[in-house]
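# Observations on the model geometry
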Amino acid sequence: MSLPSERSVPPSRPAEAAGGRAVAGRRRGVGKRFLVIGDVLDGVLVQTRATGPGDHDPAASIRHRPAGAAGNTATWLGWLGAEVDLVGRVGVDDVYRHARALEDAGVRPHIHHDAGTSTGVVVSVRNARARTSMSDGAASSLITADDVPDELVARADIVHLTGEAMLGAGGVERLAALVARARSGPARVSFDPSSAAVVRAVGGPAFLDAIAGVDLLVPGAAEALALTGAPDVVEATRILTRAVPLVVVTLGHDGVLVGRPGRTPQRVPATAATVVDTIGAGDAFAAGFIRAWATDPVRVGAAAREGTRVAARALGFVGGRPPV
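Anyway, here's the lowdown on the structure attached to this text. A quick note: this is a predicted structure, and the numbers were derived from the prediction, not measured. (Residues numbered from 1 in each chain as written. Predicted model: local features only at pLDDT ≥ 70, side-chain atom pairs only at ≥ 80, totals over all residues. Heavy atoms only, no water.)

### Comments concerning the overall build of the chain
Put simply, the rule is: Only runs of H or I of at least four residues qualify as helices and only runs of E of at least two qualify as strands under DSSP, and these elements are numbered from the N terminus. Both definitions apply: the radius of gyration is a C-alpha atom measure, and the globule rule equals 2.2 Å times residues to the power 0.38. For every residue, the accessible area (1.4 Å probe, protein chains only) is compared with the maximum for its type, and the residue is labelled buried under 20%, exposed over 50%, or partly exposed between those bounds. Any two residues whose heavy atoms approach within 4.5 Å at even a single point are treated as in contact. Residue exposure ignores everything except the shown protein chains as possible cover, and the areas themselves are Shrake-Rupley values with a 1.4 Å probe.
A count of helical and extended segments in the chain gives 10 helices and 13 strands. In summary, the chain has a C-alpha radius of gyration of 18 Å against a globular reference of 20 Å for 324 residues, a match within 12%. Taking the principal axes of the C-alpha coordinates as reference, the chain spans close to 55 × 45 × 45 Å. Here the chain holds 324 residues, and the buried ones make up 54% of them. The long-range fraction of contacts in the chain, counting pairs at least 24 apart against all pairs at least 6 apart in sequence, stands at 71%. Looking at the chain as shown, the accessible area adds up to about 13400 Å², and 53% of this sits on carbon and sulfur atoms.

### Considering the nonpolar core
Quick note on the threshold: Residues enter a nonpolar core if they are buried and are Ala, Val, Leu, Ile, Met, Phe, Trp, Tyr or Cys, with the set joined through side-chain atoms within 4.5 Å.
Residues Leu 35, Ile 37, Leu 161, Leu 175 and Ile 211 are the most contacted members of the largest nonpolar core, which totals 40 residues. Within the second largest apolar cluster, 38 residues are counted, among which are Val 36, Trp 76, Val 90 and Val 310.

### Considerations on the packing of helix α7 (residues 221-228) against helix α8 (residues 233-240)
Condition: Axes here mean lines fitted to C-alpha atoms, for a helix over just the part in contact, with angles spanning 0 to 180 degrees between N-to-C directions. In what follows, roughly perpendicular refers to angles from 65 to 115 degrees, roughly parallel to angles under 35, roughly antiparallel to angles over 145, and oblique to any angle outside these ranges. By the definition used in this description, the sense in which the near helix is turned from the far one sets the handedness, with an anticlockwise turn below a right angle giving left-handed and a clockwise turn giving right-handed.
For the pair α7 and α8, interaxial distance at closest approach is 9 Å and the crossing angle is 60°. Relative to α8, the element α7 is oriented oblique. Read as a crossing pair, α7 and α8 show a hand that is left-handed. Where α7 approaches α8, its residues Ala 221, Ala 224, Leu 225, Leu 227 and Thr 228 are matched on the opposing element by Val 233, Ala 236, Ile 239 and Leu 240.

### Some remarks on the sheet that holds strand β2 (residues 41-47)
Cut-off, in case you're wondering: If DSSP finds at least two bridges between two strands, the strands pair.
Ordered by their spatial adjacency, 4 strands build an open sheet running β3-β2-β6-β7, and the pairing between neighbours is mixed. Each edge of the open sheet is held by one strand with a lone partner, namely β3 (61-67) and β7 (131-136). Averaged over all pairs of adjacent strands, the angle between their axes in this sheet comes to 15°, without regard to strand direction. Sheet analysis places β2 next to β3, joined by 7 bridges and oriented antiparallel. The residue bridging Asp 42 from the neighbouring strand is Pro 66, located in β3.

### What about the packing of aromatic side chains?
This is how the line gets drawn: Stacked, edge-to-face and tilted labels apply to pairs of Phe, Tyr and Trp rings (six-membered ring for Trp) whose centres lie within 6.5 Å, assigned for plane angles under 30 degrees, over 60, and everything in between, in that order. Distance and angle both matter: a charge sits over a ring if NZ of Lys or CZ of Arg is within 6 Å of the ring centre and within 35 degrees of the ring normal.
One pass over the structure, following the stated rule, counts 5 aromatic pairs. By way of ring pairs, the aromatic residues Trp 76, Trp 79 and Phe 317 are connected into one cluster. Across the ring face of Trp 293, the terminal group of Arg 188 is positioned such that the distance to the ring centre comes to 4.4 Å.

### Some words on unusual backbone geometry
If a residue is not glycine, its phi is most likely negative; likewise, a peptide bond is most likely trans. One non-glycine residue with positive phi stands out, namely Ala 138, at about 45°. Among the structural elements, Ala 138 can be located in the loop between β7 and α3 (150-155). In this structure, Ser 194 is a non-glycine residue whose phi angle is positive, near 75°. On the secondary structure map, Ser 194 appears in the loop between β9 (188-192) and α5 (196-202).

### Details of the side chain of Ser 194
Basically, it comes down to this: We call two N or O atoms a polar contact when they sit within 3.5 Å, provided that within protein one can donate a hydrogen and the other can accept it, with sequence-adjacent residues counted only if both atoms are side-chain atoms.
For Ser 194, a relative accessible area of 15% puts it in the buried group. At a separation of 3.1 Å, a polar atom in the side chain of Ser 194 contacts the side chain of Thr 162.

### Observations regarding the pairing of strand β11 (residues 247-250)
The side-chain alternation of β11 yields two buried faces, one formed by Val 247 and Val 249 and the other by Val 248 and Thr 250. When β11 meets strand β12 (residues 256-259), the two strands line up antiparallel, connected through 4 bridges. In the strand pairing of β12, Val 248 is matched with Val 258. What sits between the antiparallel neighbours β11 and β12 is a turn of 5 residues, in which Gly 252 has the positive phi angle 65°.

### Here's the deal with the pairing of β9
Summarising burial for β9: 4 of the 5 residues are buried, a large majority. As paired strands, strand β8 (residues 158-162) and β9 are joined by 5 bridges and run parallel to one another. Pairing of Thr 162 across the sheet is with Asp 192, part of β9. Bridging between β9 and strand β10 (residues 216-217) involves 2 bridges; their strand directions are parallel. Residue pairing in the sheet places Ser 190 in a bridge with Leu 216 of β10.

The structure is reproduced here in structure tokens:
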């Protein structure tokens, strides 16, 4: 899922939910179980005044944070009070550290380790003009359907797959196998492509073939365009609904487009927020949306509004995860 733009807007004032967590609207997702499958990474977040190659900024702000789209979405679900499991893969030396970070956010981790490679890393460099991100999926790129226990799939209400690392070794075949495992139980299945670059490398038709049968697709605008080759996001949303029954395209500060077959895409505005850091806002949106969608699969406009409220919360924190 693409990140929102850096533009700041006035802060929202969400109502206080149970447990002191500020989330607007009634409590959603109660009694539902969520399974998130995907990338758990180390993040290196750089804020710099450097403007080009060769510049040296001795006053740069450099922070290390647990990251990865799957880890981010799962921790926002946990922060919201949902019952959530996560399946991921990290390097052998980092299992405890990542498992503890997930547990602290209310997530039950099922972390596999890989002795042959390291934990994946995402590096985000931001200056006054723009942000550049680079990633190496490493261990997360080796997740397979065999890593996902049947019992977790069997008891989940929603299975959410996310992270560009899904397209590591094995490519679309491995992705198709993971989707098949997610669909093997009674759960509805949602998918976040996470990277337009990966979609373009694979090809939109091949990517859509690999995720055939998912119930919900949550791409960013760039990913929707890459998947379809459409000239604009409205047309891309219409095209995607021919393959997936519910499509929610995130548009940054312009909100989201909700698409269903045979209907005009519905635009839902973004919730006002003060932007501190855009990393993880898309993952937070996905958490808010699927949590509401789990309870009421019909009122998708309301679920989208819930997602924008959680994304607005994420924009107020540095890094991709909620404070714990």
